[in-house]
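Residue-level structure breakdown
If you want the building blocks of each chain, they are given just below.
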Amino acid sequence: MASGTDISSLETRYICSCQARGITPNKQVLSALFKAKLKKARHEVSSLVILLDDIQDADFHSLLDLLMEVDVSEIDAVDVINRSVCTLSWEYLLSLLRASSRKLRVVDLQDILFGKDFLLDLAQRGLPCQVLNLRSSHFRKLTMVGNFMRMHTLNLDSSASLTNFREECFTCMPNLKFLSLCETRITNLWTTTAALAKLPSLVELRFQNFLQDDEARKHPASDRRDDYWDSDHTEISIHDEAPSVSGESIMYRHFNEEQYLNNTDMNIDSSSEDSSDDSEVDFSSQDRETSSMELLPDAPPGWEDLVNLQNEVSFGTLDMQDDEEPFFRLSDSRLSYIAPKKCISHNPSPICFEKFYREYMIVSLPNLKILDNLPIRKVDREKAEVIFSQNFEYLPYKRKNKESVVSILQKRETRANHTRRLFPRRKSQYYYSRSLSAAKVGSAAWPALCPLPIMDTTARDDRRSYRPRQFEYHPSDASLMVFGTLDGEVIVINHESGKIVSYIPSLGTMNSVLGLCWLKNYPSKVIAGSDNGSLRLYDIRLMPPTATGSHQSAGSIMFDDFDQLTSVHVNSTDELFLASGYSKHVALYDISSGRRLQVFDDMHREHINVVKFSHHSPSIFATSSFDRDVKMWDLRQKPNQPCYTALSSRGNVMVCFSPDDQYLLVSAVDNEVKQLLAVDGRLHLDFTITSTGSSQNYTRSYYMNGRDYVISGSCDEHVVRICCAQTGRRLRDVSLEGKGSGASMFVQSLRGDPFRDFSMSVLAAYIRPSSNSEIVKVNLLASSDQDKGYSYTQHSHPLFSSGG
């Protein structure tokens, strides 16, 4: 390479530029030039290290002149470092970072001090650096679309606001090799791997640091970031890679976490930059010294102990060869043969606590060579594939390969000869619909989520705000849904258009509506029960869509109260319904007469949270109680004794029959979800969902797509899990997250859409007291890019333990 402007000439021009502007040359810049000159004299990589802590706005123009000449100088690389403070304006900083388009190497902004506009600009336009360090950044949902073509290393460690990746994330980073995401809040395996799969060059990934026991002792639990950039250490610690030369292997020396930054393009939805609710960057008022544990409220048990281990280790030191397996130069060669369970985890993100996290990552990212500092060997990959096939569904209905929607439609329409040869016996009537579903789910890594739109028809100066507490799909009209509110209202809505069909005010007699059930044979009628015991049957045909001055009592039937009610359910013939609540008793009502026929006393030892009739037998029902028992009853036996009792290890929150009544789905506290044979209560399937350790983590589960899949969510977690009802294998997790800082939500309840495959609705309540709960519609067959208005990640606070 021909030599350019020598460093002494650069120094002279810089001094002249300062004199022309009447300012004193910055001592740090002069020192950086002197060190670069010494390195060049010693035939080392000559890097110009700019410490932003020492740069003022007054230094900007002269420094910009200097950096604009670097590309044609004999300086090999420019590193821009921020240790703790920086008074330089963000506009000036970005201009400096983009001044050298070919030799900018490391940008280390370990604590973002420049505001949202800086991050937005950085995300949308990109940087020409090779290494980008944005530790402790305020990105919340990351979309990297700017120009980061040269970047090979990205570090987002300790970015405690970061929860998810947008669908476009990482699409413009063809050379990104190293990515570190320790101590973030990322949890979703499916969206995370879908985003990372768009990085063709990624070879090393970290969500935590794995160290051997003896290695952990060598590294005391101290934060090395403060002294990392000390003068001489800075000069020798940054990788000594000059701009890459074709055919040469790239050598990476001991890098700290801070240095592993990839040139990524980060784009944030800035449609309303003045509103924190619309920003993808979270600038809350939290103290920057707040511990990681405080910033990760939904961390699993044991998280705090792990977070407090502050050991830091470098990315694996390696020479990237053309061989399949990299050559690792580690201080202890045994590391490449250790299983993760023999190592100590440091600085983990919540995703690391997902069951079979490592195996899922290995299978989903076949080009990855190192995960969490541990190399991935051939035997590791083979074992991971076995574990993956046992515990996860790659596509719905056990499909092994993705199919084109067009080809499936062609087969369905033409019934091609080769299709008949492949399937000589006709498949079920659901074959093609399931094939289409598998293709669509496989192509929608980020499913479409949007809150239920409610078009209020009242006057504009009297806009209503509803607080849903319970909801049910209509049994025969695919467009209708009923929901009850915390204020005692019952509202029937067209959930496709958002238009209110019927509005029933609380009348001062209803509190929170916890029980709702449609009549099947009389589909205009719905029973509603509130927590104060009030029970009514309404005919929605007689109820107006808006509140009126007087209440129409016609079409409504009032039943005897059932104190502290939590659940109601109608039998298959619409003759009877049952009510349960915060008691050990269950009440039986006759719908036609409006009379309470009987109270069954002491059916359980503790309160009965939910009672459910079977779908087809009008006399069979099941009860679930916090005494840990699920019991099956038959009204024909005047239920003094249950048909059988099934025991859970924790208190039961939910029970429901499968649509064909073959199974009972039982949900106990803290993710204990099991499927029982309805005939005798024997265990058919344990879904083995990881517990959080919280006794208040109330779990609810329902069927979706008939009885093909089970959806499960818990009130202390931000995720809905979707599992195969026949194998227990996990298909997908759906994360929900409201917009803006403090918008965390938790699952209050959920239901599968009975008319649409792979669709559901989730009642999610914000943890923020000032926010209303929402019903969020989820369509796994559609991508979120069809609905840019919302991209949720589910969190919510348990308002009640009762009901379904």
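Attention in this report is confined to the structure presented alongside it. It should be emphasised that the depicted structure is a prediction, and the values quoted were computed from it without experimental measurement. (Residues numbered from 1 in each chain as written. Predicted model: local features only at pLDDT ≥ 70, side-chain atom pairs only at ≥ 80, totals over all residues. Heavy atoms only, no water.)

Focus: the side chain of Arg751
Its place among the elements puts Arg751 in strand E42 (residues 745–752). Owing to a relative accessible area of 6%, Arg751 belongs among the buried residues under this scheme. A polar side-chain atom of Arg751 sits 2.8 Å from a polar atom in the side chain of Glu472. If sequence neighbours within four positions are ignored, Arg751 has contacts with Gln470, Phe471, Glu472, Tyr473, Tyr702, Ile711, Met760, Ser761 and Gly804. (Helix = DSSP H or I, 4+ residues; strand = E, 2+ residues; numbered from the N terminus. Buried < 20%, exposed > 50% of the residue type's maximum accessible area, 1.4 Å probe, protein only. Polar contact = N/O pair within 3.5 Å; in protein donor to acceptor, adjacent residues only side chain to side chain. Contact = heavy atoms within 4.5 Å.)

Some thoughts on the pairing of strand E33 (residues 644–647)
Along E33, the buried face is formed by Tyr644 and Ala646; none of Thr645 and Leu647, which line the opposite face, is buried. Bridge analysis of strand E32 (residues 629–634) against E33 gives 4 bridges, and the strand direction is antiparallel. Bridging across to E33, Asp629 finds its partner in Leu647. (Pairing = 2+ DSSP bridges.)

Details of the sheet that holds strand E4 (residues 131–133)
With respect to topology, 9 strands assemble into an open sheet ordered E1-E2-E3-E4-E6-E8-E9-E15-E16, the strand pairing being mixed. The open sheet is flanked by strand E1 (47–51) and strand E16 (374–375), the only strands paired with a single partner. Across 3 bridges, strand E3 (residues 104–109) lies against E4 in parallel orientation. Following the sheet pairing, Val107 is matched in E4 by Leu132. In the packing of helix H3 (residues 60–70) onto the sheet, the strands contacted are E1 and strand E2 (77–82), and the crossing angle to E1 comes to about 155 degrees. (Axes fitted to C-alpha atoms, helices over the stretch in contact; angles between N-to-C directions.)

Thoughts on the packing of helix H14 (residues 405–414) against helix H16 (residues 431–443)
Closest axis-to-axis distance for the H14/H16 pair is 9 Å, and the angle between their directions is 170 degrees. Taken together, H14 and H16 sit at an angle that is classed as roughly antiparallel. On the side of H14, the interface is formed by Val405, Ile408, Leu409, Lys411 and Arg412, while H16 contributes Tyr432, Ser435, Leu436, Ala439 and Lys440. In terms of residue class, the contact of H14 with H16 is built from 6 nonpolar, 1 polar and 3 charged. (Parallel < 35°, antiparallel > 145°, perpendicular 65-115°, else oblique. Nonpolar A, V, L, I, M, F, W, Y, C, P; charged D, E, K, R; others polar.)

Some words on the sheet that holds strand E31 (residues 620–625)
Strand order in the open sheet formed by 4 strands is E30-E31-E32-E33, with antiparallel pairing between adjacent strands. What marks the edges here is a single partner per strand, and that holds for strand E30 (608–613) and E33. Mean inter-strand twist for the sheet, computed between neighbouring axes without regard to direction, equals 20 degrees. In this structure, E30 lies alongside E31, joined through 5 bridges in antiparallel fashion. Bridging across to E31, Lys612 finds its partner in Ala622.

Some remarks on the nonpolar core
By size, the foremost hydrophobic cluster in this structure holds 80 residues, and its most contacted members are Leu48, Phe170, Leu205 and Phe207. Ranked by residues supplied to this core, first place goes to H3 with 6 residues. Counting residues in hydrophobic clusters, the runner-up holds 52 residues, among them Val441, Ala622, Tyr644 and Tyr698. (Core = buried A, V, L, I, M, F, W, Y, C linked by side-chain atoms within 4.5 Å.)

Some details on unusual backbone geometry
Working note: non-glycine residues mostly have negative phi, and peptide bonds are mostly trans. For Asn373, which is not glycine, the phi dihedral falls at a positive 75 degrees. By secondary structure assignment, the location of Asn373 is in the loop between strand E15 (370–371) and E16. With a relative accessible area of 9%, Asn373 lands in the buried category. With a phi close to 65 degrees, Asp670 is a non-glycine residue in the positive phi region.

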